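# Report on the structure
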Amino acid sequence: MTLPQLIRRFVRRHAAAYLLSAALLAGIALLVTWLPRQIGHMVDGLVAHRLTTEQMWQEVGWLLAAGVAIYAMRVAWRLKLYSAAYRMGVELREALYARLAQQGPRFYQTRRTGDLMALATNDVDAVEMAAGEAVLAGFDGMQTFVLVVLAMAIGVDWRLAAVALLPFPFMALGFWIVSRKVHERSRDALDRFGDLNDHVQETISGVRTLRALGLEGLSSARFSTLAGAAAEASFQAQRWEALYEPAVGTALSAAMVLSLALGGWLVWHDELSIGQLTSFGLYLAQLIWPMFAAGWVLSLWERGRAAWDRLSAVLEEPLAIEDDGTIAPVRPGPVVVRDMTFTYPGGTSPALAGLDLTIPAGTTLGLVGPTGSGKSTLIRLLLRQWMPQAGHVSWNGVALADYTLEALRAGIAWVPQEPILFSATVAENIALARPEATRDEIAAAARLADVHDDITRLPQGYDTPVGERGVTLSGGQRQRVAIARALLTDAPLLLLDDALSAVDTETEHRILGHLRGERTGRTVVVVSHRLSALADADRIAVLRHGHLTEIGTHEELLARGTHGGWYAHQWRVQQLEASLDAA
Ligand code: ADP
């Protein structure tokens, strides 16, 4: 969609507001063009001594009344229009937010957070200005221009009007050149602002690391460079915009000179009265506004277009994961991975290759393997965050793509290694997916996740605020709160992606034991680096370089030790480490 299309659709939806504003503007324009005529009329009356004092006061009274009416109508159209234009800002932000919420990892892998935030502020503002101010100022300028020129040509003298208009085509050419430059520069300015925003966002989220490494100076220097570049880009855009004014000034001065020369000649030859020439001069002065409006509208328009280019690219970027499945809800059943191969965009070798795996319903699968072997990738594919290039995953006999995304999300509880806690109380964080859960249910989930005792020791227990501006929980506490959050949902499939890396071995063992003891028929996939924590899992799968190399119970895998299985070898290494630690 282009900006004109977007605005046309918006104007059509808010036709009432735009029509009323336009009607008020038309009223203003009529009154404004009537004024010089009235003044010219008065001047001629005064020069000819035709006006009585009483008549003159009456004429002045009319002028004053017109002035007040113009003022009132100007206030009214602005009130009407701005509320509509703000609506557009709100709608655009909502659309952007909804799109950002729908987009998957592939999108975020290539986009920068700060720049996306800049879109929601700066760019939306620019489009809003184009849809509100620019549309109506354009309409207003245009109608005033037409009315004034008609009044000049019909009301005063058409020859004078024709001569006075001679310089304007040159001005239009100047406008055209300037507006193209403004477009380029505005685009640049918006991009630079995005860079700046991105740096600020990155610095704030990584401030501790920066400080620890003593890199504040470096970061500040980079900030200065980026801020300088953003300011310079804005300045460049404004420098071009500043050229509108001299173009208007020059054209108007030339028109004034031309019309005074011809007007003087006409008055000399008695073809024009002094009053008429006065009106003409006033009309010419009234062209200042439409001319400035044209320059201003072009600026706003080009800025809006540049912003819309950036915004529409994000709004129209296709979703990496289409939500075109129809089956809901998910019913518990075996999860089957068939001959699945997946390569990340830009990746050289597949992160998973020809994977075959069946996870019977209600069982626990331990997923192990060296770093980078594809464990998290498998979890992400089960979550349908990515689509495999070959093969597929089915759940209870239905391909994942045939479920609605909503059903799939509701059917799977996922805990990543670094869970996010939102700025809310602990209880609210646990009940994120089930806000209606009772305190008892929340506490039960927290007990299963072995975090209940930690929570009761917090200053306000379950009502302690956490997240950015609350109490800071330890990494292990955060992980356990996230597990409680997952357990509170009744999702039949639970995926723990190294979700207990920050808790000690016994606690991890205990929590996994609780999960098994729960007997809810939940299917669980646990990624862990500690093999001892997974020893009781129904089955353990070993991934290496994206291939499934071993699968079986702990005992079965250990029994293969003599043949050099990765699991058996790693088990011995970890046992040895544990005994050395204990010693
Ligand atoms: P594990 O969880 O076993 O440590 P991963 O599944 O995270 O392994 O990674 C498997 C492979 O895919 C690695 O080679 C890794 O570099 C690559 N990889 C992981 N995530 C991405 C990503 N978002 N983009 C590109 N490559 C990735």
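Residues numbered from 1 in each chain as written. Predicted model: local features only at pLDDT ≥ 70, side-chain atom pairs only at ≥ 80, totals over all residues. Heavy atoms only, no water.

### Details of the environment of Leu495
Relative to the elements of secondary structure, Leu495 occurs in strand 9 (residues 493-497). Spatially, the C-alpha atoms of Leu495 and Trp414 are 4.7 Å apart, while their sequence positions differ by 81 residues. Filtering out sequence-adjacent residues up to four positions away, Leu495 remains in contact with Ile379, Leu382, Leu383, Ile412, Ala413, Trp414, Val415 and Val525. (Helix = DSSP H or I, 4+ residues; strand = E, 2+ residues; numbered from the N terminus. Contact = heavy atoms within 4.5 Å.)

### Here we look at the packing of helix 1 (residues 3-13) against helix 12 (residues 288-315)
It is the contact of helix 1 with helix 12, at a shortest axis distance of 10 Å, that shows an interaxial angle of 100°. Judged by the inter-axis angle, helix 1 sits roughly perpendicular to helix 12. On helix 12, the residues that touch Leu3, Pro4, Leu6 and Ile7 of helix 1 are Trp301, Gly304, Arg305 and Trp308. In the contact of helix 1 with helix 12, the residues fall into six nonpolar, one polar and one charged. (Axes fitted to C-alpha atoms, helices over the stretch in contact; angles between N-to-C directions. Parallel < 35°, antiparallel > 145°, perpendicular 65-115°, else oblique. Nonpolar A, V, L, I, M, F, W, Y, C, P; charged D, E, K, R; others polar.)

### What to know about the sheet that holds strand 5 (residues 398-399)
As summarised here, the arrangement of the four strands in space is 2-1-4-5, forming an open sheet in which the pairing is antiparallel. Two strands close off the open sheet at either side, each with one partner strand: strand 2 (352-359) and strand 5. As defined by bridge partners, strand 1 (residues 335-342) adjoins strand 4 (residues 390-395) across five bridges and the pair is classed as antiparallel. By the bridge assignment for strand 4, Val337 is matched with Val393. Packing against the sheet, helix 13 (residues 375-382) makes contact with strand 1, strand 2 and strand 4, and its axis sits at approximately 115° to strand 1. (Pairing = 2+ DSSP bridges.)

### Here we look at the packing of aromatic side chains
Applying the stated criterion across every chain, the model contains eight aromatic pairs. A centroid spacing of 6.4 Å and a plane angle of 90° characterise the contact between Phe10 and Tyr18, whose relative ring orientation is edge-to-face. With a centroid separation of 5.0 Å and 85° between ring planes, the pair formed by Phe107 and Tyr108 is classed as edge-to-face. Judged by its relative accessible area of 36%, Tyr108 is partly exposed. Pairwise contacts between aromatic rings join Phe342, Tyr344 and Trp386 into one cluster. (Phe/Tyr/Trp six-rings, centres within 6.5 Å; stacked < 30°, edge-to-face > 60°. Buried < 20%, exposed > 50% of the residue type's maximum accessible area, 1.4 Å probe, protein only.)

### Some thoughts on the sheet that holds strand 11 (residues 539-544)
The six strands are arranged 6-9-10-3-11-12 in an open sheet whose pairing can be described as mixed. The open sheet terminates on both sides in strands that have one partner only, identified here as strand 6 (412-415) and strand 12 (547-552). Direction aside, the axes of adjacent strands within the sheet are offset by 15° on average. Docked against the sheet, helix 18 (residues 475-488) engages strand 6 and strand 9, running at close to 180° with respect to strand 6.

### A look at the site of the ligand
All residues in the neighbourhood of the ligand are listed as Gln109, Tyr344, Ala351, Pro370, Thr371, Gly372, Ser373, Gly374, Lys375, Ser376, Thr377 and Arg380. At a separation of 3.0 Å, an oxygen atom of the ligand approaches a polar backbone atom of Gly374. Ser376 has a polar backbone atom sitting 2.8 Å from an oxygen atom of the ligand. It is helix 13 that provides the largest number of residues to the shell around the ligand, a total of four residues. (Near = heavy atom within 4 Å. Polar contact = N/O pair within 3.5 Å; in protein donor to acceptor, adjacent residues only side chain to side chain.)

### Some details on a nonpolar patch on the surface
A cluster of nonpolar residues, Met129, Ile288, Trp289, Phe292 and Trp296, forms a patch on the protein surface that exposes about 430 Å² of accessible area. Per element, the largest residue contribution to the nonpolar patch is four residues, and it comes from helix 12. (Patch = residues over 30% accessible without salt bridge, like charges linked within 9 Å, V, L, I, M, F, W, Y side chains within 5 Å. Areas by Shrake-Rupley, 256 points an atom, 1.4 Å probe, with all protein chains shown as cover. Salt bridge = Lys/Arg side-chain N within 4 Å of Asp/Glu carboxyl O.)

### Looking at a negative patch on the surface
A contiguous patch of negative charge, built from Glu322, Asp323, Asp324, Asp402 and Glu406, is present on the exposed surface. On the secondary structure map, Glu406 appears in helix 14 (residues 405-411). Residue classification places Glu406 among the exposed positions, given a relative accessible area of 66%. (Lys, Arg positive; Asp, Glu negative; His and termini not counted. Charge placed at Lys NZ, Arg CZ, Asp CG, Glu CD.)

### What to know about the pattern of salt bridges
Under the criterion given, the structure shown has 25 salt bridges. In this structure, the salt-bridge partner of Asp195 is Arg112, at a minimum N-O distance of 3.0 Å. Taken together, the residues span a long stretch of sequence, with Asp195 in helix 7 (residues 168-205) and Arg112 in the loop between helix 4 (105-110) and helix 5 (113-156) at a distance of 83 residues. Among the ionic pairs, Asp454 bridges to Arg480, the shortest N-O distance being 3.4 Å. Linking Asp454 in helix 17 (residues 452-456) with Arg480 in helix 18, this pair joins segments that are 26 residues apart in sequence. Take Asp454: its relative accessible area is 16%, and that puts it in the buried class. For Arg480, a relative accessible area of 9% gives the class buried. Through salt bridges with shared partners, a single ionic network connects Arg112, Asp115, Asp123, Arg187, Asp188, Asp191, Arg192, Asp195, Asp198 and Arg310.

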